[in-house]
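The residues making up each chain are set out below.
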Amino acid sequence: LSIDLDGVLADTINSVNKIAAKSLKRTFRKEDVTDFDLSKSNLYSDVSPKQIKWFFNEAWRNYTEIKLEDKRIPEILKDLGRYYEIWIVTGTSANDEQIKGWLERNNVFYNKLVHLDGQNQKSENMAKIHIDDYHELALMKPSCETLIILNQPWNREHRETLNGYKNVVYLDSWSEIHKFLI
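Read on for a plain summary of the structure. (Residues numbered from 1 in each chain as written. Predicted model: local features only at pLDDT ≥ 70, side-chain atom pairs only at ≥ 80, totals over all residues. Heavy atoms only, no water.)

In this section: the side chain of threonine 12. Its place among the elements puts threonine 12 in helix H1 (residues 12-24). When its relative accessible area of 1% is taken as the criterion, threonine 12 is described as buried. If sequence neighbours within four positions are ignored, threonine 12 has contacts with Asp6, Gly7, Phe56, Trp60 and Ile66. (Helix = DSSP H or I, 4+ residues; strand = E, 2+ residues; numbered from the N terminus. Buried < 20%, exposed > 50% of the residue type's maximum accessible area, 1.4 Å probe, protein only. Contact = heavy atoms within 4.5 Å.)

Right, let's get into the nonpolar core. Burial of nonpolar side chains together is a common tendency in soluble globular proteins. Counting 45 residues, the largest nonpolar core has Leu9, Tyr44, Trp102 and Trp174 as its most contacted members. Secondary structure elements with two or more residues in this core: H1, helix H2 (49-61), helix H3 (73-80), helix H4 (96-105), strand S4 (129-132), strand S5 (146-150) and helix H6 (174-181). Of all the elements, H2 adds the most residues to this core, at five residues. Once residues within four sequence positions are removed from consideration, tryptophan 102 is found in contact with Leu5, Leu9, Ala10, Trp60, Tyr63, Ile66, Lys67, Leu68 and Val108. (Core = buried A, V, L, I, M, F, W, Y, C linked by side-chain atoms within 4.5 Å.)

Take H2 next. Taking 1.5 Å per residue, 13 residues should reach 18 Å; H2 reaches 18 Å between its end C-alpha atoms and fits that length. For H2, the set of buried residues is Ile52, Phe55, Phe56, Glu58, Ala59 and Trp60. In this structure, the buried side of H2 is in contact with H1 and H4. (Expected span 1.5 Å × (residues − 1).)

On to the pairing of strand S3 (residues 112-115). Both strand S2 (residues 87-90) and S3 contribute to a ladder of four bridges, which runs parallel. Across the sheet, the residue bridging to isoleucine 88 is leucine 113, located in S3. Regarding topology, H4 serves as the crossover connection from S2 to the parallel S3, and that connection is right-handed. (Pairing = 2+ DSSP bridges. Right-handed = clockwise from strand over helix to strand, strands pointing away.)

The next thing to look at is the packing of H3 against H6. For the pair H3 and H6, interaxial distance at closest approach is 10 Å and the crossing angle is 10 degrees. Taken as axis vectors, H3 and H6 run roughly parallel relative to one another. Seen from H3, the contacting residues are Ile73, Ile76, Leu77, Asp79 and Leu80; seen from H6, they are Trp174, Ser175, His178 and Leu181. In terms of residue class, the contact of H3 with H6 is made up of six nonpolar, two polar and one charged. (Axes fitted to C-alpha atoms, helices over the stretch in contact; angles between N-to-C directions. Parallel < 35°, antiparallel > 145°, perpendicular 65-115°, else oblique. Nonpolar A, V, L, I, M, F, W, Y, C, P; charged D, E, K, R; others polar.)

Written out as structure tokens, the structure is:
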């Protein structure tokens, strides 16, 4: 079982939004993020990719402020660890020390960390079942047998499009993911 970090385990976008709001002096809400690529999202359309990257780097520099996507993740992953080897497969901008610090601080159980250089390598580095928030992975012919997409504001409009993919499952919460996998 492989699991993405940002937007699946870590609620990074809320930290990014807080930093952006402070820097740009306007409101940023998770619900208003309409695209996985923030530079294409209406909310961030006037913000440069370089500045967006800085917001993410700053969020991870202060990783103790990043919350879990769901407070039940530690207990769910501990339970799933009885059935699966759990890999964290991520293309996050965080460094390994920040990632491991965040995972440890939040009691997130895992067996292996696979830190990639961006999203494009992810489709080749998955376990048989992979959980992500990046809907376009389905189009990249991922190496997994089952791709679970965790419903987020930035991937909602693609749910119907991907319904025709036999190996893609959209789930709305970590409770649903847990039920699906057990």
